[in-house]
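Each chain is listed here by its residues.
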Amino acid sequence: MYNTKAYSAVSATSPLASDTIERRDPTEHDVQIQILFCGICHSDVHSVRNEWSDFISTTYPIVPGHEIVGRVTQVGSAVTKYKPGDLTAIGCMVDSDGTCPHCRGGLEQFCPNMTQTYNSPDKHKTAPVTYGGYSDSIVVDERFVLRVPSNLDLAGVAPLLCAGITTYSPLRHWGVTEGKKVGVVGLGGLGHMGVKFAHAFGAHVVVFTTSPDKTEDALRLGADEVVVSRNSDEMQKHTGSFDFILDTVSAKHDINAYLNLLRLDGNITLVGAPEKPMDVAAFSLIMARRSLSGSMIGGITETQEMLDFCGEHNITADVEVVPIQKVNEAYDRLLKSDVKYRFVIDMASLKSE
Ligand code: NAP
Ligand code: ZN
């Protein structure tokens, strides 16, 4: 085992602060990575503050971070895909059983034995739970390490590992292509990637936002129209017209207002994960055979496909790079929807701790 610097929180109400954690020495299938950048996902905030305790409780101390980009420093003897110096990325998962039907189908995110990058029981027993990317270095089985296209800005790549794949996967799954009318609800980290992908897939994209000052940005990011969702007249103009809506909102809100905008057989997929349940009016669904579903990140093969697609189309996240010392401030701003459009930590800042 070896020591590495990190930022952790010791309770749901404590700020993140400097810490030292232990990582395992790379085993034969492991890749050791020096972390260069790590995105700040709203899930980090939900987890640090234990807001999802009804579904998954947080074990403290927690080291969050699952949008990781870094350089390989060491590989185990059986590693074939990577060598020291390679630019790599890690997303929300670091292990799965590899044998269940979901794993065999490339859907490791639904494996009953999937290990999340942080706050999952640590199979290697280095610590009670896995520790994420707000740290100097990480050790991960090569099956969960991804290749970074060489033409992309590295800070802008980090958010692709969660915000990117979480929006790419359902847009692909629900057949978003040219000629489809697609809504994206909430223009934050996930939402702005959803807009970029839906636009790149050729859809007519409508952004729903509670922040009128994001209108110009939404158009620049690839939206064809912007609706301020608090304006019911503007909302009603779109009744019964959408093929697909991707809902990325992080807090409880009225989803019936969006169900009513779907056409016959239209679907709305929730990727946002508010801590409280939301009401659904049966009539919003049954009147047009509409469906409501959910989606969680994406499998490893699809994540690599998404990264390669981003390389080909020159897609990265719009980021505000911050030093780790500003992470608590960034969390507060995220809660005020004040982010354009993803905070990314420059991990070099951890060296001065
Ligand atoms: P984010 O950057 O904070 O964006 C969320 C956006 O939702 C905000 O920018 C805001 O957009 C809108 N919003 C916030 N509060 C709202 C409210 N009370 N009513 C209406 N709109 C509101 O968060 P994120 O990192 O994109 O994550 C979004 C959600 O997805 C979180 O719950 C996160 O945990 C979840 N998530 C899920 C997965 C998955 O696999 N399913 C993966 C990653 C994240 P406007 O200003 O445009 O209104
Ligand atoms: Zn995330």
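Calculation notes
Residues numbered from 1 in each chain as written. Chains lettered and ligands numbered in written order. Predicted model: local features only at pLDDT ≥ 70, side-chain atom pairs only at ≥ 80, totals over all residues. Heavy atoms only, no water. Buried < 20%, exposed > 50% of the residue type's maximum accessible area, 1.4 Å probe, protein only. Helix = DSSP H or I, 4+ residues; strand = E, 2+ residues; numbered from the N terminus. Pairing = 2+ DSSP bridges. Right-handed = clockwise from strand over helix to strand, strands pointing away. Axes fitted to C-alpha atoms, helices over the stretch in contact; angles between N-to-C directions. Parallel < 35°, antiparallel > 145°, perpendicular 65-115°, else oblique. Contact = heavy atoms within 4.5 Å. Nonpolar A, V, L, I, M, F, W, Y, C, P; charged D, E, K, R; others polar. Domains from an automatic or database assignment. Buried area = accessible area lost by both parts, 1.4 Å probe. Salt bridge = Lys/Arg side-chain N within 4 Å of Asp/Glu carboxyl O. Polar contact = N/O pair within 3.5 Å; in protein donor to acceptor, adjacent residues only side chain to side chain. Donors = N, O, S within 2.8 Å, 3.2 Å for Na, K, Ca; no water.

Undergrad: In this structure, what is going on with the pairing of strand S11 (residues 204-209)? I would like to understand it.
TA: Moving residue by residue along a regular strand, the side chains alternate between the two faces of the sheet. Of all six residues making up S11, five are buried, and the element is well covered by its neighbours. As paired strands, strand S10 (residues 181-185) and S11 are joined by five bridges and run parallel to one another. Note that in S11 the partner of Lys181 across the bridge is His204. In the classification by handedness, the crossover that spans S10, the intervening helix H5 (residues 189-200) and the parallel S11 is right-handed. Note: S11 against strand S12 (residues 225-228), four bridges, orientation parallel. Along S12, the bridge assignment pairs Val206 with Glu225. On the question of chirality, the crossover connecting S11 to the parallel S12 by way of helix H6 (residues 215-221) is right-handed.

Undergrad: Hey, could you run me through the packing of helix H4 (residues 163-173) against helix H10 (residues 300-313) in this one?
TA: Helix packing for two helices is described by the angle between their axes and how far apart those axes are. Between H4 and H10, the shortest axis-to-axis distance is 10 Å and the interhelical angle comes to 100°. As far as their axial angle goes, H10 and H4 are roughly perpendicular. Side by side, H4 and H10 meet where Gly164, Ile165, Tyr168, Ser169 and Arg172 of the first sit next to Glu302, Thr303, Glu305, Met306 and Phe309 of the second. Looking at the contact of H4 with H10 residue by residue, the classes come out as four nonpolar, three polar and three charged.

Undergrad: Help me out: how do you make sense of the domain arrangement of the protein chain in this one?
TA: Often the size quoted for an interface is simply the accessible area lost on bringing the parts together. Splitting the protein chain by domain gives domain 1 (2-161 + 318-352) and domain 2 (163-294). The distance between the C-alpha centroids of domain 1 and domain 2 comes to 28 Å. Interface of domain 1 and domain 2: buried area, both sides summed, is about 1,400 Å²; carbon and sulfur atoms make up 49% of it. The largest share of the area that domain 1 buries against domain 2 comes from Leu160, Asp318 and Tyr341, three residues that together contribute 43% of it. Taken together, domain 1 and domain 2 are joined by three salt bridges. Residue Asp318 pairs with Arg220 through a salt bridge whose shortest N-O separation is 3.1 Å. Taken together, domain 1 and domain 2 are joined by twelve residue pairs in polar contact (both at pLDDT 80 or more).

Undergrad: What is the right way to read the pattern of salt bridges from this model?
TA: Any two side chains of opposite charge can pair, given that their charged atoms come close. Within this structure, the stated rule accounts for 17 salt bridges. Here Asp217 ties to Arg220 by a salt bridge, and the two come within 3.3 Å at their closest N and O atoms. Taken together, the residues Asp217 and Arg220, both in helix H6 and three residues apart, mark about one turn of the helix. We classify Arg220 as exposed; its relative accessible area is 53%. Salt bridges here are not isolated pairs; linked through shared partners, they connect Asp95, Lys123, Asp141 and Arg143.

Undergrad: Would you mind going over the sheet that holds strand S14 (residues 262-270) with me for this structure?
TA: Two strands in a sheet stick together by hydrogen bonds in their backbones, pointing the same way (parallel) or opposite ways (antiparallel). Sheet architecture is open: six strands sit in the order S12-S11-S10-S13-S14-S15, paired in parallel fashion. With partners counted over all chains shown, the strands left at the sheet margins are S12 and strand S15 (291-294), one partner each. Averaged over all pairs of adjacent strands, the angle between their axes in this sheet comes to 20°, without regard to strand direction. The strands touched by H4 within the sheet are S10, strand S13 (242-247) and S14, with S13 carrying the most contacts at an inclination of about 160°.

Undergrad: Explain the pairing of strand S16 (residues 319-323) to me, please; I cannot follow it from the model alone.
TA: Pairing geometry for S16 and strand S17 (residues 342-346), over five bridges, is parallel. From the neighbouring strand, Val321 faces S17, where its bridge partner is Val344. Between the parallel pair S16 and S17, the chain is carried across by helix H11 (residues 327-335), and the sense of this crossover is right-handed.

Undergrad: Got a minute to help me understand the coordination of the zinc ion (ligand 2) in this structure?
TA: Ideal geometry at a metal centre gives angles of 109.5 degrees when four donors are arranged tetrahedrally and 90 or 180 degrees when six donors are arranged octahedrally. Coordination sphere of the zinc ion (ligand 2), protein contribution only: Cys41 (SG), His66 (NE2) and Cys162 (SG), at 2.0 to 2.2 Å. As a motif over one chain, the donors of the zinc ion (ligand 2) read C-x24-H-x95-C. You can see Cys41 sitting in the loop between strand S3 (30-39) and helix H1 (42-48) and its partner His66 sitting in the loop between H1 and strand S4 (68-75), a full 25 residues away along the chain. No difference in accessibility class separates Cys41 from His66, as the two residues are buried.

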